[in-house]
Amino acid sequence: MNISRRQFIKSAAAQSAVAAAAVLFPGVSFGAWKNLDPSSGGIEWKKTPCRFCGTGCGLLVGVSENRAVAVKGDPNCSVNKGLCCVKGYHSIQILYGKDRVTEALVRKNGKLVEVPIEEALDLVAEKMKETIKDYGKDAVAIYGSGQWSIPDGYAASKLFKGCIGTNNVEANARLCMASAVTGFLTSFGLDEPMGCYDDIDHADIFITWGNNMAEMHPVLFSRMLANRQSKRHVKIIDFATRTTRTSQAADKSILFRPQTDLAVANAICHEIIRNDWVNWDFVTNHVSFHKGKTNIGYGTEDHFKFTDKEETVDFESYKEFLQDYTPEKVEKISGVPAKDIKYMASLYGDPDKKITSFWCMGMNQHTRGTWINNLVYNIHLLVGKISTPGNSPFSLTGQPSACGTVREVGTLTHKLPHGVVMNEKDRELAAKIWTVPVENIDPKPTYHTVEMFRALDRGDIRFMWVQVTNPMVTMPNLNRYRNGAQKDGRFMVVSEIYPTPTYDVADVVLPSALWVEREGFFGNSERRTQHNEQIIPTPGNTMCNTWQLIEVARRLGYEKQFPWSRETYIEDIWNEYTQFHDNPKHRMAPYNELKARSGIQWPFIDGLETKWRYNPKYDPAAESDSFDFYGKPDHRAWIWLRPYEPAAESPDGEYPFWLNTGRVLEHWHTGSMTRRVPILHKAVPESYVEINPDDAANLGITNGSKVKVSSRRGSVVMKASINGRGRPPKGMVFVPFFDESYLINEVTLDAFCPISKQPDYKKCAVKLERV
């Protein structure tokens, strides 16, 4: 049956919900759906946050006979207001792939064989004890995810940091939003956005900084389009390195050379000052000026260390610094015409226009990721367009709980749920809540993600437990880290739902419950915590990741710290965890409130959400009559002097092209779930390399022909896409990373931002060869 998405949505209200699901999900058995009509009570709808990106859309999942059979947007969720993207509408199919992992496996004689899950858990605990005895506590590690539910991450942090005493806790969110964190911390002293999605409804201007929102955050982009449709003066400016679907929908598309967004941001500030568009009242009362180290390196060598050194300066020093960034000078660096730089500056500088800046991986996966975050904040701070409806610098996230589980729970080596391991008072509070000696919590961070996998390769780490992520696809410079995981003397535990390249290197595979098969919480990009209940049974012997950690913790002798029952452990963990945030700057909503509603933003004070932080009109924690940037000791936001510095690796005579990597609308991250959804797989069945038509013609490459993409680290052969949905400029190629058959991260470089330690997946040098 042929039916368009729009036709389906329009007619869905008149159809049986499960019959509609049969249209949406061809090839999937939904049981006796003909006899099910929502009005007859044959189907029960349960609310849950979406399992995919960090937008945090609310879904209603239809359940019949203990099976998820239908899905629609939750009209009561303020995030998406009943709308979903193509992945959300097909999300329940990820539960029912034919190769779902439902039993534990242990490698015996080189092959993974099924064993009782109790045996597998015993082996995990035994190997942890053995490794700690032989090599010390810092030889064991856990690597989690922004897809971890909040209880997962909390249990992992408590076990490893509080009980075992190692800070070897990292998560794949280091790869996607660590620069956003360090950007917030260095500019405002506290993490996470000051605004919310309501800014979309209020803004007059949107500028997307290297962010293909039409594909990566389509529901939010649809809200932008709706705003523009209803208010004709609204404009969308796409500022990017390649032409995408966002470019096509924008009012203006401006392309810049890779890495030069740093220079353009400074040029915008130069123009704001030159034209006297500065909001002097705001800057005088709420801003201070600072600089740090320059020429800070790229982290490509093992054991790389960097510590910034802050120095306070004045406005005149900042103004002098910007003299190197006139639009005319920056045009030569960036390729952006000076008139376009001046145009963007005029939009930010217009006092009658509310402006919201959005970004995601383009700015964060950057060897100067912290700096470019600082520089976009500088623009908003100079004009005072921040912390008010429609005026917002907004870093989006790509995973459902990168904020909630990684940033708020603190599942990075240096973090605790409320602070950092380096701070004595933070350690004391954690020890009190976790009922462990304060000496257990090591004051020294160990390894960030890239260095953690380098340590695994070197043998400094011998045991690694990977949950809810697929690093044998996602790690940059992948050949080194995959080989390291397979060396003698390494023991890999992988909690998974489907076979993946990471599953392939495992010594133990623990079968995980997925999403609506277990209870949990996510935290989205706008500080919104969302509860999901278990709405269908777990298949086979799958087990919630949180309970896997509890079972192993008890086998290690930590029953006192993990006393919870199977019936109430999620609520018990939430009640314990929220003790860390029991203050006006970060108070979380109670369990029963979250269970009843489609998400609640923090700080949650006296029954009210905080939509705009640092503004006393909306934020009870702001104590002054005007803006109060209470994360910083001077209660001011910090403008940073951050220069343009080149990428770690640039094209040359041997490798003349930039390589940029990313995602596509239909697939999510490594594709381990979405490629098992037939309609999504059919839409984009394999990865490809986008090539500029002029470059392709010069190389004799035609659409669909095979091309070898090579760097100094590795190569991959794949089909060419010319004039497809995206088009890179001359001298650049783009490859999506969702397809494990084409491991593009064997080609990428493991350089990272020295402050955030987040790798740059957007810039390395490659050559192309027709095959």
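Residues numbered from 1 in each chain as written. Predicted model: local features only at pLDDT ≥ 70, side-chain atom pairs only at ≥ 80, totals over all residues. Heavy atoms only, no water.

Next up on the list: the pattern of salt bridges. In total, this model carries 50 salt bridges according to the counting rule given. Salt-bridge contacts for Arg 676 lead to Asp 99; the nearest nitrogen and oxygen are separated by 2.7 Å. You can see Arg 676 sitting in the loop between strand S24 (657-662) and helix H27 (678-683) and its partner Asp 99 sitting in the loop between helix H3 (86-89) and strand S4 (104-108), a full 577 residues away along the chain. Notably, a salt bridge pairs Asp 460 with Arg 458, separated by 2.8 Å at the nearest N-O pair. Here Asp 460 falls in the partly exposed class, since its relative accessible area comes to 34%. (Salt bridge = Lys/Arg side-chain N within 4 Å of Asp/Glu carboxyl O. Helix = DSSP H or I, 4+ residues; strand = E, 2+ residues; numbered from the N terminus. Buried < 20%, exposed > 50% of the residue type's maximum accessible area, 1.4 Å probe, protein only.)

Time to look at the sheet that holds strand S23 (residues 637-641). What the 3 strands build is an open sheet, ordered S12-S11-S23; its pairing is mixed. The open sheet terminates on both sides in strands that have one partner only, identified here as strand S12 (311-313) and S23. Going across the sheet, the axis of each strand differs from the next one's by a mean of 45°, ignoring polarity. Taken together, the 3 bridges between strand S11 (residues 287-291) and S12 define a ladder with antiparallel strand orientation. Residue pairing for S12: Phe 289 is matched across the bridge by Val 313. Docked against the sheet, helix H17 (residues 369-383) engages S11 and S23, running at close to 120° with respect to S23. (Pairing = 2+ DSSP bridges. Axes fitted to C-alpha atoms, helices over the stretch in contact; angles between N-to-C directions. Contact = heavy atoms within 4.5 Å.)

Each regular strand displays side chains that alternate between the two surfaces of the sheet. Going residue by residue along strand S17 (residues 508-511), you find Val 508 and Leu 510 tucked away on one face and Val 509 and Pro 511 tucked away on the opposite face as well. Relative to S17, strand S16 (residues 491-496) is paired through 4 bridges, and the arrangement is parallel. Residue Glu 496 lies in a different strand from S17, and its bridge partner there is Pro 511.

On to unusual backbone geometry. Note: most residues except glycine have negative phi, and most peptide bonds are trans. Note the cis peptide between Trp 602 and Pro 603, where omega equals -5°. Even without being glycine, Glu 192 reaches a positive phi, approximately 85°. By the secondary structure assignment, Glu 192 is in the loop between helix H6 (178-188) and helix H7 (198-202). Its relative accessible area of 2% is what places Glu 192 among the buried residues. A positive phi is found at His 303, a non-glycine position, where the angle reads about 65°. For His 303, the location among the structural elements is in the loop between S11 and S12.

Further remarks concern the pairing of strand S28 (residues 732-736). Burial within S28 is extensive, with 5 of its 5 residues counted as buried. Side chains of S28 alternate between two faces, with Met 732, Phe 734 and Pro 736 and Val 733 and Val 735 buried alike. Bridge analysis of S24 against S28 gives 5 bridges, and the strand direction is parallel. Bridge pairing in S28 links Thr 661 to Val 735. Of the strand pairs in this sheet, strand S25 (residues 689-691) and S28 are connected by 2 bridges, and their pairing is antiparallel. By the bridge assignment for S28, Glu 690 is matched with Phe 734.

Okay, the sheet that holds strand S6 (residues 140-144) next. If you trace the 7 strands from one edge of the open sheet to the other, you get S5-S4-S17-S16-S15-S6-S7, paired in mixed fashion. The open sheet has two free edges, formed respectively by strand S5 (111-115) and strand S7 (169-171), since each of these has just one partner strand. Between one strand and the next, the sheet's axes are offset by a mean angle of 20°, whatever the strand orientation. Along the sheet face, helix H5 (residues 150-164) touches S6 and S7 and points at about 160° away from the line of S6.

This part takes up a negative patch on the surface. On the surface, a cluster of negative charge is contributed by Asp 314, Glu 316, Glu 320 and Asp 324. Mapping Asp 314 onto the fold places it in the loop between S12 and helix H13 (315-321). (Patch = residues over 30% accessible without salt bridge, like charges linked within 9 Å, V, L, I, M, F, W, Y side chains within 5 Å. Areas by Shrake-Rupley, 256 points an atom, 1.4 Å probe, with all protein chains shown as cover. Lys, Arg positive; Asp, Glu negative; His and termini not counted. Charge placed at Lys NZ, Arg CZ, Asp CG, Glu CD.)

Partitioning the protein chain into domains gives domain 1 (5-96), domain 2 (104-176 + 400-563), domain 3 (181-295 + 307-396 + 634-641) and domain 4 (657-748). Counting residues at the interface gives 10 residues for domain 1, matched by 10 residues for domain 4. Both sides together, the interface formed by domain 1 and domain 4 hides about 970 Å², and carbon and sulfur atoms give 76% of it. Viewed at the interface, domain 4 and domain 1 are joined by 0 salt bridges. Where domain 1 meets domain 4, there are 1 residue pair in polar contact (both at pLDDT 80 or more). For the side of domain 1 that touches domain 4, the class distribution of residues is 6 nonpolar, 2 polar and 2 charged. (Domains from an automatic or database assignment. Buried area = accessible area lost by both parts, 1.4 Å probe. Polar contact = N/O pair within 3.5 Å; in protein donor to acceptor, adjacent residues only side chain to side chain. Nonpolar A, V, L, I, M, F, W, Y, C, P; charged D, E, K, R; others polar.)

The subject of this paragraph is the packing of aromatic side chains. Within the structure shown, the criterion is met by 36 aromatic pairs. Note on Phe 289 and Tyr 318: the rings are 5.4 Å apart at their centroids and 35° apart in plane angle, and the pair reads as tilted. Linking Phe 289 in strand S11 with Tyr 318 in helix H13, this pair joins segments that are 29 residues apart in sequence. Judged by relative accessible area, Phe 289 falls into the buried class, the value being 7%. Judged by relative accessible area, Tyr 318 falls into the buried class, the value being 0%. An aromatic cluster of at least three residues, connected via ring pairs, comprises Phe 184, Phe 188, Phe 282, Trp 359, Tyr 377, Tyr 614, Phe 627, Phe 629 and Tyr 630. Lying across the ring of Phe 734, Arg 242 places its NZ or CZ 3.5 Å from the centre. In this structure, Arg 368 packs its charged tip against the face of Trp 371, placed 5.3 Å from the ring centre. (Phe/Tyr/Trp six-rings, centres within 6.5 Å; stacked < 30°, edge-to-face > 60°. Lys NZ or Arg CZ within 6 Å of the ring centre and 35° of its normal.)

Take the side chain of Ser 495 next. Mapped onto the elements, Ser 495 comes out in strand S16. Given the relative accessible area of 2%, Ser 495 is considered buried. Here Trp 465 takes part through its side chain, which lies 3.0 Å from a polar atom of the side chain of Ser 495. When neighbours within four sequence positions are excluded, Ser 495 is seen to be in contact with Trp 465, Val 466, Gln 467, Val 468, Leu 510, Ser 512, Asn 545 and Gln 548.

With that out of the way, let us pick up the packing of helix H20 (residues 449-458) against helix H22 (residues 478-485). In contact at an axis separation of 8 Å, H20 and H22 are set at 50° when each is read in the N-to-C sense. With respect to each other, H20 and H22 are oriented oblique. Between H20 and H22 lies a crossing whose hand is left-handed. Residue-level contacts link Val 450, Phe 453, Arg 454, Leu 456, Asp 457 and Arg 458 of H20 to Arg 480, Tyr 481, Gly 484 and Ala 485 of H22. (Parallel < 35°, antiparallel > 145°, perpendicular 65-115°, else oblique. Left-handed = near helix turned anticlockwise from the far one by under 90°.)

Turning next to the environment of Tyr 343. Structurally, Tyr 343 is set in helix H15 (residues 338-349). On a C-alpha basis, the gap between Tyr 343 and Ile 268 in space is 9.0 Å, while along the polypeptide they are 75 residues apart. Apart from the residues within four sequence positions on either side, Tyr 343 is in contact with Lys 235, Ile 237 and Lys 252.

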